[in-house]
Amino acid sequence: MKPVLLELTNVSKSYGRGAPALSGINIAARQGEFISIIGPSGAGKSTLLRCINRIIESAQGQIRFDQVMMGSLSRRELRKARTKIGMIFQHYNLVDRLSALENVLHGRLGYKNVLAGALGLYSQEEKRKAYELLCSLGLQEHVHKRCDQLSGGQKQRVGIARALIQEPKLLLCDEPIASLDPGSSKVIMDHLRSISSRLGITVLVNLHQVDVALKYSDRIIGVNRGQIVFNGAPSLLTHDAIHHIYGSEAGELMMELGGKNAV
Amino acid sequence: MRYDFLTRKRLMTLGSLLAIMLITWGAALLTRFDAGQGLSAIPAALSWGIENFYPDEKAWRRLPGIMDKLLDTVLLAVASTTVAAMAALVCAVGGSRTMRLNRWFGLISRGMASIFRNIDIAAWAIILLFSFGQSALTGYFALLFASFGFLTRAFMEAIDEMSSSAVEALRATGAGYITIVCRCVIPSCAPQLVSWMLFMMETNIRSATLIGILTGTGIGFAFDVYYKGMNYHAASLVVIVIAAAILLIEAGSNVIRSMILRG
């Protein structure tokens with residue numbers, strides 16, 4: 001068994017009053033594991049991912065990543081910890097007016113001091129690496145194109161390159177294929193899968209598509225109303241379990257699942 | 001019922017119209033303004049203008065001196081605008097919703113922006129006359145304060161309009177505040193920032209001319225001296241030079257603007 005890289009213990013978070021966004025979340029993720037998080041919209045999937053790298057500060061609970069307690073870090077230490085966590089977004093979150101190469105190089109900014117960061121001073125080695133990453137993701141013709149000229153799938157691949165150049169140990173993907181067509185979705189998911197198995201990077205993916213989660217994951221976590229209601233291998237995800245995760249929405253969900261369900 | 005409503009609306013319109021006419025008539029009566037006399041003076045004014053208000057040969061000989069004064073005024077406007085833009089950028093970034101440093105900085109920079117903006121340039125010049133007397137510094141600071149207020153507000157809005165998604169992505173890579181501002185915020189809204197600055201520069205060249213009459217500097221003062229010395233030929237040359245300069249600068253900034261939007 002590979003060592004545990006990320007461990008969430010009893011993590012809770014609430015926005016204002018009202019029902020908590022997350023309550024009592026316990027997750028342990030091993031090195032190189034590919035975990036999908038599924039659940040209805042508003043179940044707290046995005047909040048969960050953002051609590052891990054403290055883009056959203058979690059109210060209670062402990063998050064241990066790479067032998068470090070995330071909650072106790074100072075601002076400087078937090079920045080250092082974040083360099084080891086790549087993040088991929090539904091809307092790619094690139095700087096549209098800059099080229100693909102520049103956007104990839106942004107992944108190195110966490111390692112820089114104020115001066116080098118502000119002026120964007122990158123080493124020759126970093127530029128070579130960025131170029132290679134773009135080529136390995138099939139973007140060799142778009143290296144110097146401005147990002148607003150790229151298609152959705154291409155933008156997401158730039159986003160992956162930006163995360164990989166950080167040399168992360170963990171990749172957080174917040175609905176990476178929710179805005180993409182099926183073809184591009186497959187390309188992106190294949191890349192993410194190979195990142196986890198080939199590079200040994202732990203990948204946490206929020207997904208809306210149960211069939212995709214079943215196909216790619218080592219483990220699936222089902223979230224509903226801020227609580228984990230399923231945590232296990234894809235083969236254990238039965239109809240009942242899906243019902244349990246999605247509640248009343250499950251009826252429509254079965255259509256999506258098609259013949260591929262895991263019962 | 002419906003008929004009543006329409007009638008009432010029509011009566012309201014008629015009432016307001018009558019009120020406006022009454023106010024106009026009253027104001028004219030109080031100031032002893034005769035519209036007929038004003039209109040009938042136009043032909044005479046025109047013929048006077050044609051007879052006297054053109055540069056003769058003696059006036060043309062003053063051109064080098066006038067150009068010197070024009071240069072003074074233009075440089076004054078450029079210097080005050082650029083310095084104001086730099087200060088405004090700092091306040092706008094720290095006070096914007098996306099990149100807010102803290103609540104107090106936001107409130108203070110918004111408050112300062114509206115105070116500096118709402119006091120007119122002419123009012124600033126009169127206030128500053130007490131401290132700096134009739135010198136170029138008075139004009140410089142008057143333009144600086146007013147442009148600072150306006151640009152802070154405009155920059156703040158440009159930054160808040162920009163999508164904050166890329167900022168989130170850079171934060172997730174571990175990049176620091178200043179790095180994020182330089183590598184993401186400024187590149188994303190550079191066209192708007194430059195466009196506002198150019199607009200301010202054009203406005204300031206016009207304002208600097210008028211301020212010059214108050215402070216006794218630049219081309220505004222040259223006009224004042226010639227006009228009050230009844231040297232109408234030279235005064236008309238000043239007007240022509242100012243108009244030409246403004247048109248030239250407007251054309252120049254349009255070129256720069258389109259270059260930035262494309263690039």
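Residues numbered from 1 in each chain as written. Chains lettered and ligands numbered in written order. Predicted model: local features only at pLDDT ≥ 70, side-chain atom pairs only at ≥ 80, totals over all residues.

S.K.: Can you lay out the overall build of chain B for me, pointing to particular residues and giving the numbers?
M.R.: Tallying secondary structure elements over chain B gives 11 helices and zero strands in all. Helices and strands in chain B line up, N terminus first, as α-α-α-α-α-α-α-α-α-α-α. Scaling as 2.2 N^0.38, a compact globule of 263 residues should have a C-alpha radius of gyration of about 18 Å, whereas chain B reaches 25 Å, well beyond that. Overall size of chain B, expressed as C-alpha extent along the three principal axes, is 75 × 75 × 40 Å. Among the 263 residues that make up chain B, the fraction classed as buried is 37%. For chain B, the proportion of contacts with a sequence separation of at least 24, taken over those separated by at least 6, is 74%. (Helix = DSSP H or I, 4+ residues; strand = E, 2+ residues; numbered from the N terminus. Rg over C-alpha atoms; globule rule 2.2 N^0.38 Å. Buried ≥ 20, exposed ≤ 12 C-beta atoms within 10 Å, placed from the backbone. Contact = placed C-beta atoms within 7 Å.)

S.K.: Give a detailed account of the interface of chain B and chain A, specifying residues and quantitative values.
M.R.: Taken together, the contact between chain B and chain A spans 18 residues of the former and 24 residues of the latter. For the side of chain B that touches chain A, the secondary-structure elements that each account for two or more residues are α8 (165-173) and α9 (177-215) of chain B. In terms of residue count, the dominant contributor to the side of chain B that touches chain A is α8 of chain B (eight residues). Partitioned by chemical class, the residues of the side of chain B that touches chain A number nine nonpolar, six polar and three charged. (Nonpolar A, V, L, I, M, F, W, Y, C, P; charged D, E, K, R; others polar.)

S.K.: Describe the pairing of strand β7 (residues 170-174) of chain A, with residues and values.
M.R.: It is a general feature of regular strands that their side chains alternate between the two faces of the sheet. Residues and elements named next belong to chain A. Counted residue by residue, β7 has five buried out of five residues, so it is predominantly covered. Bridge analysis of strand β6 (residues 85-88) against β7 gives four bridges, and the strand direction is parallel. Considered in β7, the bridge of Met87 is made with Leu172. At this point the chain moves from β7, through helix α7 (residues 182-199), to the parallel strand β8 (residues 202-207), and the crossover so formed is right-handed. (Pairing = 2+ DSSP bridges. Right-handed = clockwise from strand over helix to strand, strands pointing away.)

S.K.: If you had to explain the sheet that holds β6 of chain A to someone new, which residues and values would you point to?
M.R.: Residue and element names in this part refer to chain A. Overall, mixed pairing links the six strands, which are arranged β6-β7-β8-β3-β9-β10 in an open sheet. With partners counted over all chains shown, the strands left at the sheet margins are β6 and β10 (227-232), one partner each. Neighbour-to-neighbour, the strand axes of this sheet turn through a mean angle of 15°, independent of strand direction. Where β7 lies against β8, five bridges are found, and the strand directions are parallel. Looking at β8, one finds that Leu172 is bridged to Leu204. (Axes fitted to C-alpha atoms, helices over the stretch in contact; angles between N-to-C directions.)

S.K.: Can you lay out unusual backbone geometry for me, pointing to particular residues and giving the numbers?
M.R.: All names here are of chain A. Located in the positive-phi region is Arg54, a residue other than glycine, with phi close to 60°. Judged by local crowding, Arg54 falls into the partly exposed class, with 18 C-beta atoms found within 10 Å. One non-glycine residue, Glu175, adopts positive backbone phi at about 45°. Tracing the backbone through its elements, the reader meets Glu175 in the loop between β7 and α7.

S.K.: An account of helix α5 (residues 103-118) of chain B is requested, with residue identities and associated values reported.
M.R.: Residues and elements named next belong to chain B. With 16 residues, α5 extends 23 Å between its outermost C-alpha atoms, agreeing within 8% with the 22 Å of an ideal straight helix rising 1.5 Å per residue. The complete set of buried residues in α5 reads Ser109, Ala113 and Phe116. Taken around the axis of α5, the buried residues stretch over an arc of 80°, which confines them to a single face. Residues Arg103, Trp104, Leu107, Gly111, Ile115 and Asn118 are exposed on α5 and point more than 90 degrees away from its buried face. (Expected span 1.5 Å × (residues − 1). Arc of directions from axis to C-beta.)

S.K.: Outline the sheet that holds strand β2 (residues 22-30) of chain A, listing residues and values.
M.R.: Residue and element names in this part refer to chain A. Spatial ordering of the open sheet is given by β2-β1-β4-β5, a layout of four strands whose pairing is antiparallel. Only two strands of the sheet have a single partner each, and these edge strands are β2 and β5 (68-69). Note that strand β4 (residues 60-65) and β5 share two bridges and pair antiparallel. Residue pairing for β5: Phe65 is matched across the bridge by Val68.

S.K.: Break down the confidence of the model for chain A for me, with residues and values.
M.R.: One rule of thumb: low pLDDT means the predicted coordinates there are not for detailed reading. Scored by pLDDT, chain A has a mean of 91; 94% of the residues are at 70 or more. Counting interchain partners and residues more than four positions distant, the pLDDT-below-50 stretch residues 258-263 of chain A has 10 contacts. (pLDDT = per-residue confidence, 0-100.)

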